[in-house]
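Results of the structural survey
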Amino acid sequence: MIWNPSEGISLGPITVRFYSLMFVIAFGLGWYITKKIFIREKESLEKLDSLFIWTFIATLLGARLGHVFFYDWEYYRNHLAEILLPFRFDPEFEFTGFQGLASHGAALGIIVAMYFFSKNIMKKPLLWVLDRVVIPVASGAIFVRLGNFFNSEIVGKETTSQFGVRFVRDHFSSREAIAKTKISEANDAYSAIVNDSNFANLLQEVPAKHPAQLYEAFFYIFVFAILFFMYWKTDARKKQGLLFGSFLVLNFTVRFFVEYVKESQGGFEESLGLFSTGQWLSIPLVAVGLYFILMAQKPIKNLD
């Protein structure tokens with residue numbers, strides 16, 4: 001399969017990028033799921049708007065800082081202004097958007113934000129909030145990985161299997177595509193590489209790689225389904241920490257094993273060896289999840 005999608009949906013002068021669209025869907029679906037949970041728990045829907053804002057900020061800020069400190073601190077330590085700005089200043093000024101978001105950082109950011117949210121707004125125990133928030137978070141993870149697939153980022157290692165995908169935009173940067181085709185517009189240059197026989201040699205350079213993003217998204221469907229079933233069809237919601245712990249174990253176990261077919265994302269793996277950075281970061285989260293599963297409180301009465 002040759003993968004060279006357009007950047008997004010063109011609406012006149014505006015282009016809605018697929019990655020941004022996936023984020024909108026993720027948060028929209030998350031809001032809908034949480035609304036149903038709040039109605040069941042007889043909680044004020046006014047708190048839902050605050051929860052949405054807290055989660056949105058925590059996700060983006062945590063994911064960004066996670067990427068900076070876990071994966072690319074050697075670069076950002078000398079480019080501090082680029083941490084929270086969508087620009088690159090070196091070697092020349094360039095609008096880049098926020099390139100680099102780490103799911104481990106997002107998880108930690110959400111946990112920290114929910115601590116303050118539970119104390120100041122929800123007036124509930126932290127684990128009560130986390131047990132419910134992880135359900136929409138699990139659904140959102142599916143769409144974030146689909147967004148990565150549309151962006152041709154976080155790709156897998158080379159493969160000869162039938163699942164292999166040739167990510168044209170991963171292999172050639174926009175500048176490389178323009179330089180090699182002599183076509184001034186990046187999208188046209190990529191299209192020429194794929195469709196113009198004059199550039200068949202360039203297309204042959206693109207290796208087939210595992211679509212690791214799709215593998216991850218596929219397994220996250222089951223993570224979401226399991227948590228959704230546990231909340232609505234069992235008494236798991238009455239055992240504080242059980243849903244939160246189950247999310248950590250399921251989500252980051254998936255992440256740990258998918259890392260085996262992913263290309264290296266950098267970070268500190270070279271100094272530690274054995275596992276990738278993503279795997280090292282997943283291990284403590286799985287351990288914390290197991291702790292909360294084992295220590296989950298007994299069912300609390302009168303919550304229906």
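Described in the following lines is the structure provided in the data block. (Residues numbered from 1 in each chain as written. Predicted model: local features only at pLDDT ≥ 70, side-chain atom pairs only at ≥ 80, totals over all residues. Heavy atoms only, no water.)

Attention now moves to a nonpolar patch on the surface. Together, L29, W31, Y32, F52, I53, F56, I57, L60, L61 and L84 make up a nonpolar patch on the protein surface, roughly 870 Å² of accessible area in all. Of all the elements in the fold, those that place two or more residues in the nonpolar patch are α1 (18-40) and α2 (46-71). One can find I57 in helix α2. (Patch = residues over 30% accessible without salt bridge, like charges linked within 9 Å, V, L, I, M, F, W, Y side chains within 5 Å. Areas by Shrake-Rupley, 256 points an atom, 1.4 Å probe, with all protein chains shown as cover. Salt bridge = Lys/Arg side-chain N within 4 Å of Asp/Glu carboxyl O. Helix = DSSP H or I, 4+ residues; strand = E, 2+ residues; numbered from the N terminus.)

With that out of the way, let us pick up α2. Compared with an ideal rise of 1.5 Å per residue, which puts 26 residues at 38 Å, α2 spans 37 Å between its outermost C-alpha atoms and is within 8% of the ideal. Buried within α2 we find L48, L51, T55, A58, T59, G62, A63, R64, G66, H67, V68 and Y71. Looking at the buried residues of α2, the elements they touch are α1, α3 (73-76), α4 (103-122), α5 (126-150), α11 (242-258) and α13 (277-294). (Expected span 1.5 Å × (residues − 1). Buried < 20%, exposed > 50% of the residue type's maximum accessible area, 1.4 Å probe, protein only. Contact = heavy atoms within 4.5 Å.)

Closest axis-to-axis distance for the α11/α13 pair is 7 Å, and the angle between their directions is 155°. As the angle between them shows, α11 and α13 are arranged roughly antiparallel. Seen along the crossing, α11 lies across α13 with a hand that is left-handed. When α11 is examined against α13, the residues L242, F244, G245, S246, L248, V249, F252, T253, R255 and F256 are found in contact with a partner set consisting of G278, Q279, S282, I283, L285, V286, V288, G289, L290, F292 and I293. Broken down by class, the residue content of the contact of α11 with α13 amounts to 13 nonpolar, seven polar and one charged. (Axes fitted to C-alpha atoms, helices over the stretch in contact; angles between N-to-C directions. Parallel < 35°, antiparallel > 145°, perpendicular 65-115°, else oblique. Left-handed = near helix turned anticlockwise from the far one by under 90°. Nonpolar A, V, L, I, M, F, W, Y, C, P; charged D, E, K, R; others polar.)

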